Amino acid sequence: MATEAPVHGGYLDILRAPHAARLLAGTLVGRLPNAVGPVALTLFVRDQGGSYTLAGGLIAAYGVATAVGQPLLGRAVDLKGQPRVQLPAAVLSALGMTLLALTGIGHLPLAYAAVVLAGLFTPPLEGGLRALWPGVLGREDRVHRAYALDAVAQEVMFTVGPLLLTLLVSLRSPAAALLVINLLGVLGALAVVLSEPSRTWRSAPREAHWLGALRSPGLLALLGAFFFVGLALGSITVAAVAYADDHGTPSVYGWLMAALGLGALLGGVAYGARQWSGTPERRLRVLVLLLAVCYLPLVLTPGPVAMTGLSVLSGVFLAPALACAFIVVDRHAPRGTVTEAFSWLVTTFGVGSALGSAAAGPAIELAGTVSGFAVAGAGGLIAFLVLLATGRALGAPPAPDTPAADVRHAVGAGAPTAVHSEKNTH
């Protein structure tokens, strides 16, 4: 059940909260290098005379390194605090891309080492921001709305980021664009870690356990489901290329991706404009089912205009599902592991997307473009079935020491507000 959020409870209320706009903007700018990394690497390698195969290899190495580094750095943030991890990681990641930009692809082992360094030390700013929201915003409803705003802002970043990269390339070169984008990333991370909430945030004391956040059955269930959501999204990106080739108009690919982003943007705005009752776990199952249902019409592959409309529809429930997943992560992350838990979600989604892209290629070669979109529909349905099958793990109320108990350590000077949030979270 949903009710309209009052005007003072909307996104503007979130952005007017002390530090909120700075933290959101800094996080988005800090994540630019990772958001445009695959495109930037492709443009750089081609400008250097390298092949698409080499570009794909570097992108794969970068993606795998990022997937490995995110949860490890997230755990380090929970243990050591944000400034001591986020800023050094951002600098090291930028140095990796700087090394690539300055040395080129002439010495392949060095090129691969550079992108692995950049990926491995990509700072977990995304998980870090979500760990800060409870202490900055206090009330549970405002935190949930901030998660929705976060999901919407991601769609904006993944639209604006490539445009900014293209502008920098046209003004100078792909190498210069790499340098500028990564400098911006360091500045974004710096803006976050110098803020009071980041400097004073402390994770709750955690139980020593080698599995860390992964010892939560509810979190494992969520990660399993969002692996397949990522797989669905990754397959769409490849199938859209094949669709554009079928219609002899490469620009159609851009329209389809923009339409998907527009749908996610609209869905996220609508979702965040309402206050939702009931448990987020049950709501997540509904949202993922709707997401899967909206992927299915893509297999019709009508003309470009109608296909663009279907792409908008396919994106409508993506941002709401992500925003709801953030709430579920917060509820099920074991005490003292909130940043690590959010980082695992980022990693799982990214790995699923990469494998979805890999699976769609052979499917298209065997049975045509329709099969590529069928992979997306299947991925969405499997994600829903995972949530359905793990209902007991997700439905179990979090133990007293596992949910947003981290919140009371979120902002040193703001502890009373944070404690109020902690009581309301459950």
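Everything below is about the structure shown above.
Just so it is clear, the structure is predicted and the values come from calculations on it, not from any experiment.

*Asks:* Got a minute to help me understand the packing of helix H12 (residues 217-246) against helix H18 (residues 369-389) in this structure?
*Replies:* When two helices pack together, their arrangement is given by the angle between the helix axes and by the axis-to-axis distance. Contact pair H12 / H18: the axes reach a minimum separation of 7 Å and the direction vectors enclose 170 degrees. On the basis of their axis angle, the class for H12 and H18 is roughly antiparallel. The chirality of how H12 crosses H18 is left-handed. In terms of residue class, the contact of H12 with H18 is made up of 18 nonpolar, six polar and one charged.

*Asks:* Where do I start with the packing of aromatic side chains in this structure?
*Replies:* What characterises a pair of aromatic rings is the spacing of the ring centres plus the angle enclosed by the ring planes. With the rule as written, the count across this model stands at four aromatic pairs. Ring centres of Tyr147 and Phe326 lie 6.0 Å apart, and the angle between their planes is 75 degrees; on these two criteria the pair is classed as edge-to-face. Of this pair, Tyr147 sits in helix H9 (residues 140-171) while Phe326 sits in helix H16 (residues 318-332), and the two are 179 residues apart along the sequence. Within the aromatic cluster, the residues linked to one another by ring pairs are Tyr147, Phe326 and Phe342. Positioned over the ring face of Phe326 is Arg130, at 3.6 Å from the centre of the ring.

*Asks:* Where do I start with the nonpolar core in this structure?
*Replies:* Generally speaking, nonpolar side chains in soluble globular proteins are found buried as a group. Among the nonpolar cores identified, the biggest contains 109 residues, and Leu100, Trp133, Leu137, Phe226, Leu284, Tyr295 and Leu318 are the most heavily contacted of them. It is H12 that provides the largest number of residues to this core, a total of 15 residues.

*Asks:* Sorry if this is basic, but what is going on with a nonpolar patch on the surface here?
*Replies:* A contiguous nonpolar surface patch, about 390 Å² in accessible area, is contributed by Val64, Val68, Leu72, Val116 and Leu120. Only helix H5 (52-80) and helix H7 (108-120) provide two or more residues apiece to the nonpolar patch. The leading source of residues in the nonpolar patch is H5, at three residues. By the element assignment, Leu120 lies in helix H7. Given a relative accessible area of 31%, Leu120 falls into the partly exposed group.

*Asks:* I'm lost on the packing of H12 against H16 in this one. Help?
*Replies:* Closest axis-to-axis distance for the H12/H16 pair is 10 Å, and the angle between their directions is 160 degrees. With respect to their mutual orientation, H12 and H16 come out roughly antiparallel. Both H12 and H16 take part in a crossing whose hand is left-handed. Residues Gly218, Leu219, Leu222, Phe226, Val229 and Leu233 of H12 pack against Leu318, Ala321, Leu322, Ala325, Val328, Val329 and His332 of H16. Of the residues belonging to the contact of H12 with H16, the class tally is eleven nonpolar, two polar and no charged.

Parameters and conventions
Residues numbered from 1 in each chain as written. Predicted model: local features only at pLDDT ≥ 70, side-chain atom pairs only at ≥ 80, totals over all residues. Heavy atoms only, no water. Axes fitted to C-alpha atoms, helices over the stretch in contact; angles between N-to-C directions. Helix = DSSP H or I, 4+ residues; strand = E, 2+ residues; numbered from the N terminus. Parallel < 35°, antiparallel > 145°, perpendicular 65-115°, else oblique. Left-handed = near helix turned anticlockwise from the far one by under 90°. Nonpolar A, V, L, I, M, F, W, Y, C, P; charged D, E, K, R; others polar. Phe/Tyr/Trp six-rings, centres within 6.5 Å; stacked < 30°, edge-to-face > 60°. Lys NZ or Arg CZ within 6 Å of the ring centre and 35° of its normal. Core = buried A, V, L, I, M, F, W, Y, C linked by side-chain atoms within 4.5 Å. Buried < 20%, exposed > 50% of the residue type's maximum accessible area, 1.4 Å probe, protein only. Patch = residues over 30% accessible without salt bridge, like charges linked within 9 Å, V, L, I, M, F, W, Y side chains within 5 Å. Areas by Shrake-Rupley, 256 points an atom, 1.4 Å probe, with all protein chains shown as cover. Salt bridge = Lys/Arg side-chain N within 4 Å of Asp/Glu carboxyl O. Contact = heavy atoms within 4.5 Å.

Treat this as a map of the structure, not an account of what it does.
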